[in-house]
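# Examination of the molecular architecture
Chain residues, written in single-letter form:
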Amino acid sequence: MKNVRGIIFAYHNFPELGDLGKYRTASALPFCGRYRLIDFALSGLMNAGIYNVDVLMQFGYQSLLDHFSGGRPWNMVRHSGGLHPMLARVNQGVYGGDMEALDAISTHLRDYIKDEYIVVMDGNLCANLDLQKLIDAHMASGADITALCTDRPMPGEHHCFIPGDDGFAKDLLCRRTETSLGVRSLEVYVLRREKLLDMVKWASEGDRLHFHRDALLHMMRECGWKIGLQMHEGYARKITTIQDYFDASFEMLEYERLTDLFPEERPIATRARSDVSTYYSDRSRVTNSLIADGCIIAGTVENCIISSGVRIEHDVTMRNCIVMNNTTIHTGAELSNIICDKDVDISAGLKLNGSGKLPLVVPRNGKL
Amino acid sequence: MKKQCIAMLLAGGQGSRLYALTRDMAKPGIPFGGKYRIIDFPLSNCINSGIDTVGVLTQYKPLQLNSYIGSGGAWDLDASGGGAFVLPPYQTGETGQWFAGTADAIYQNIGFVDIYDPEYVVILSGDHIYKMDYADMLAVHKKNDAACTIAVLRVSMQEATRFGIMTLGEDGSIIKFTEKPKEPDSDLASMGIYIFDWKKLRRFLIDDAADTNSSHDFGKNIIPNMLNAGERMYPYQFEGYWRDVGTIDSYWDANMDMLSPTLVNTFDRSWPIMANSPRKVPQYIGPKASVAHSIITEGCEILGTVENSVLSSSVVVEEGATVRYSTILPGARICPGAVVEYAIVGENTVVSAGSHIGAPPDGTEKWGVATVGPNLKLPENGVVPAASMIYTEEEVSV
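### A short note on the packing of aromatic side chains
Overall, the coordinates contain 26 aromatic pairs over all chains when judged by the stated rule. Note on Y11(A) and Y95(A): the rings are 5.0 Å apart at their centroids and 80 degrees apart in plane angle, and the pair reads as edge-to-face. On the criterion of sequence distance, the pair formed by Y11(A) in the loop between β1 (4–9) and β2 (30–31) and Y95(A) in the loop between β5 (83–87) and α3 (98–104) is long-range, its members being 84 residues apart. Residue Y11(A) shares its accessibility class with Y95(A), and that shared class is buried. Measuring from ring centre to ring centre gives 5.9 Å for F32(B) and F41(B), while their planes differ by 80 degrees; the resulting arrangement is edge-to-face. What links up through ring pairs into an aromatic cluster is the set F31(A), Y35(A), F40(A) and F262(A). Positioned above the aromatic ring of Y23(A), the side-chain terminus of R364(A) is 4.1 Å from the ring centre. If you follow R37(B) out to its NZ or CZ, it ends over the ring of Y68(B), 5.4 Å from the centre.

This is the structure:
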């Protein structure tokens, strides 16, 4: 789509991600053995034909910059525009909220880009987005801003909209956990660029850091903005804690959910790896698992999600584990309910058990 | 832009002995070893050897091959000033003609090679599975100050009758080259990989084009003509895995070889074999699946049994289906109760419920691998016996 630009907030880090968030932001979390969470935002834009995208990052962005490979996986290498990493200014403190992050790029938003419409979204949303439908609905309804929401339950805290009789939101309730309150915002919005600039200008005039709690509430209550509500069909999760990550990952072992998140018609693109197919030895026993290419598997693997380049040697038993790139599990080890980060080395015979409610994380480069 | 060395990859072959697989696609474009297509091996060897300019000569059913190669980016062959170029036959003035032979294909593209004004040209074919450092071969070529260097490997004397065979003189140079000799006097077989001094090759190609009796073939014409003219020609001895996959049996064998990672180590990151793979979800292995001694690729959904087999991307093996000692090409579906053994199943073919494809070796001469062509929907409970090759649904007995 011409004249539409994407802005992805990829700077968010969450203390509840523990060691998983030590080297990377939530947007950079590996997912489903193949992807990073930001692939959903980028692919959603790509599938709607939006190729001009700013990605706001502040700290721990190396994983993301590597992953972008210039934007090629999402057709975002362009002579003008394309995928545009926006790193914070050197003297900028930690962003207190999305409005502060937008203010940091306000000159860019006001003077350097020409796009009429902006889609703002988070990089840690796990959902296959139909942004074309969102934008069409926005244009048709005459709303000032349109929110993508879900009417299905979703774990965690969310901003909820209460739909009014005219189809627009009549109220916004911030950070609620109840599932019976209105509809939950996926924090994906479309609006005209001038409207976004109005929000940024108002926010910069005071200590107004937050998109929902400050700017959106103000626009709605004081400026009479009409907030359109568009329902997202299908799976959606926001990943902010280790438990979110663990649960969402295992939900993908239900095949219907997997095909719901990865439908043929809206593919999720990601960085290419020159991997071979995965090799299963004659002693491997693998059930109910998702396995990326480039692995060598000789042990027993049950209910696991295995990223590329992983080696699982013989007589290893793994249950309910998530294993990230290039990790090696040596002979005879027994693991259950463990998240192994990248480049981990689990030595022979080691036994390690977490629990479904308290998964253990082996941090990156860990040697156990 | 001047290059020291470029490669020309002969990818026009029809592959008539693989007919069910090559009816709609040139042989180099056939999927192989799970993730790959045959042409991935020479293309990856080029970039790994530091050759960044490759002309790919296509002729037979090139559509899928052209779109597969695309800009060459999958193999990092998209640098400015070089890259991968698909070179089909073209019209010149009032005439235009198909490539009459391997040498004619290069002759008709002299203009392309001249753009790069190279000192050396590597000639490759698109139907071999191997990993080779052409830079090492080029170093030997330079050291010998040769006009032509031919990669060779040792074969048994029985096999020698199927190859171009070289006899060496005392100084190690090639003194005799015989195409498929009835009584070979050497076990050094040509692998169809040549490095030429471009100026010399250019002259021989022009002379050969004018010769109306020539079949315009490297093995039959150019190499013997250069030898007769007294040019310096040397062998380059190759050690390692190399397979011609021109027949159903050799194609199936080479796929099974991929199950022995020590034979073709594609896991070696220092010499990656790259592919232009579709992006798919990781492979899903279901709760009742059984997978052993196999290669499986992303996008696959395995709910049944897979043993000793090589599965390309997006293959579905449904619950109660069994795949043994087989190669299943991208997008094929094996339905419940079907058994596929010692077989090759083509792209996007549906092996319907209760079908039985292929049979284990019975020790007789007649036995062979069963082949089912692409884009078919076999009838339920259909039987495809060993050694048969099926490329329409009607051929399947129920």
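Next comes the rest of the account.
### What to know about the confidence of the model for chain B
Per-residue confidence for chain B gives a mean pLDDT of 91; residues scoring 70 or more make up 98%. The ipTM, which scores confidence in the relative placement of chains, is 0.87 for this predicted complex, and the corresponding pTM is 0.90.

### Some details on the layout of surface pockets
By volume, the largest pocket amounts to about 1,400 Å³. S125(B), D127(B), H128(B), K180(B) and D244(B) are the residues nearest the centre of the largest pocket, which is lined by 47 residues in total. Per-element accounting of the lining of the largest pocket gives the leading share, 4 residues, to strand β13 (residues 188–197) of chain B. By residue class, the composition of the lining of the largest pocket is 16 nonpolar, 19 polar and 12 charged. Put simply, the second largest pocket is a space of about 1,200 Å³. In this structure, the second largest pocket is lined by 47 residues; those nearest its centre are T270(A), R271(A), A272(A), R273(A) and R279(B). When residues of the lining of the second largest pocket are traced back to their parent elements, those giving at least two are β3 (35–36) and α2 (62–68) of chain A.

### Here's the deal with the domain arrangement of chain A
Residues and elements named next belong to chain A. If you check the domain split of chain A, you get domain 1 (4–261) and domain 2 (279–362). When each unit is reduced to the centre of its C-alpha atoms, the spacing between domain 1 and domain 2 is 33 Å. Across the contact, 16 residues belong to domain 1 and 23 residues belong to domain 2. Interface area, domain 1 with domain 2, both sides summed: about 1,600 Å², of which 69% is carbon and sulfur. Of all residues in domain 1, the largest losses of buried area upon contact with domain 2 belong to G33, F246 and L253, amounting jointly to 35% of the total for that side. Put simply, domain 1 and domain 2 have 1 salt bridge between them. Note that R24 is salt-bridged to D341, the shortest N-O span being 2.7 Å. Seen at the junction of domain 1 and domain 2, the total is 2 residue pairs in polar contact (both at pLDDT 80 or more).

### With respect to unusual backbone geometry
Residue and element names in this part refer to chain A. A positive phi is found at E187, a non-glycine position, where the angle reads about 60 degrees. Mapped onto the elements of the fold, E187 is located in strand β11 (residues 183–192). Residue classification places E187 among the buried residues on the basis of a relative accessible area of 15%. Of note in this structure, N320 is not a glycine but carries a positive phi near 50 degrees. Within the secondary structure, N320 is located in the loop between β21 (317–319) and β22 (322–323).

### Focus on the interface of chain A and chain B
Taken together, the 36 residues of chain A in the interface contact 32 residues of chain B. A buried area of about 2,900 Å², summed over both sides, lies between chain A and chain B, and 51% of it is on carbon and sulfur atoms. Contact with chain B buries area across many residues of chain A, yet V276(A), Y279(A) and Y280(A) alone supply 21% of it, more than any other trio. Taken together, the links from chain A to chain B amount to 5 salt bridges. Taking the shortest distance from any N to any O, the salt bridge between E298(B) and R34(A) comes out at 2.8 Å. Taken together, the connections running from chain A to chain B amount to 24 residue pairs in polar contact (both at pLDDT 80 or more). Among the secondary structure elements, those contributing two or more residues to the side of chain A that touches chain B are α9 (255–261), β14 (278–280), β15 (285–287) and β16 (289–291) of chain A.

The rules we used
- Residues numbered from 1 in each chain as written.
- Chains lettered and ligands numbered in written order.
- Predicted model: local features only at pLDDT ≥ 70, side-chain atom pairs only at ≥ 80, totals over all residues.
- Heavy atoms only, no water.
- Phe/Tyr/Trp six-rings, centres within 6.5 Å; stacked < 30°, edge-to-face > 60°.
- Helix = DSSP H or I, 4+ residues; strand = E, 2+ residues; numbered from the N terminus.
- Buried < 20%, exposed > 50% of the residue type's maximum accessible area, 1.4 Å probe, protein only.
- Lys NZ or Arg CZ within 6 Å of the ring centre and 35° of its normal.
- pLDDT = per-residue confidence, 0-100.
- 1 Å grid on protein atoms, 1.4 Å probe; cavity = no way out; pocket = protein on both sides within 12 Å on 5 of 7 lines; lining within 4 Å.
- Points joined across faces, edges and corners; volume = space filled by probe spheres on them.
- Nonpolar A, V, L, I, M, F, W, Y, C, P; charged D, E, K, R; others polar.
- Domains from an automatic or database assignment.
- Contact = heavy atoms within 4.5 Å.
- Buried area = accessible area lost by both parts, 1.4 Å probe.
- Salt bridge = Lys/Arg side-chain N within 4 Å of Asp/Glu carboxyl O.
- Polar contact = N/O pair within 3.5 Å; in protein donor to acceptor, adjacent residues only side chain to side chain.

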